[in-house]
Amino acid sequence: MREDLAAMADAAADENVHAALRQIGTLHDARHVIFDNDTRFMFASVFDGSWDTYIDDFAKTVVGARFDKVFSHSEGFPGVTDPGAKDWFLANQEPAGVFVSAYPDLTVQQIYKDHRVEEAFEAVLDTAEFRAALDNPANADLLATPAFQKLLEEAAA
């Protein structure tokens, strides 16, 4: 299992995996942990939407094959595309005692969009045209608004 997890970690940089995760579009993060002298394994993930859809989505991508490889070391795992896979996961799960999120109201899709908007805004800030607009007296009223000042403060942070 350690070898398979190491291969999975190496594959995380694979563009096919990134494309699959973007296609799924709901996974915030995932962890695989081996503990208790290599006798126990934990998989924990944070995702948007329903659990059924989450599992179905993984089964449809290259990520499903990676799930199968790692979970094949777990007793009784039928394979992620098997109709009994969801029952197996449910029978082997443990609820979290505490879960805390730094951004509980943001979906993965919103985070992707925020990142794209931030990149676009940063590109605008770096243009000579933007600098000229800041210096143009015709824009003084816009520049003085609290919203624009907040935008500039956030961009400078």
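Going by the structure above, here's the rest.
This one's a predicted model, so the numbers in the text were calculated from it and none came from an experiment.

Rules of the game
Residues numbered from 1 in each chain as written. Predicted model: local features only at pLDDT ≥ 70, side-chain atom pairs only at ≥ 80, totals over all residues. Heavy atoms only, no water. Salt bridge = Lys/Arg side-chain N within 4 Å of Asp/Glu carboxyl O. Buried < 20%, exposed > 50% of the residue type's maximum accessible area, 1.4 Å probe, protein only. Helix = DSSP H or I, 4+ residues; strand = E, 2+ residues; numbered from the N terminus. Arc of directions from axis to C-beta. Contact = heavy atoms within 4.5 Å.

Under the definition given, this model contains 7 salt bridges. Here R40 makes a salt bridge to D36, at a shortest N to O gap of 3.2 Å. Note on D36: relative accessible area 40%, which makes it partly exposed. Via salt bridges that share partners, D52, D56 and K86 belong to a single interconnected network.

When we look at burial in helix α2 (residues 15-24), the residues that qualify are V17, A20 and I24. Around the axis of α2, the buried residues are gathered within 60° of arc, so they sit on the same side. Structural note: α2 exposes E15 and Q23 on the side pointing more than 90 degrees away from its buried face. Lining the buried residues of α2 we find α1 (2-11), α3 (51-59) and α4 (62-71). Two residues or fewer past α2, G25 is found with a positive phi of approximately 70°.

Any functional reading would require information beyond the geometric quantities listed.
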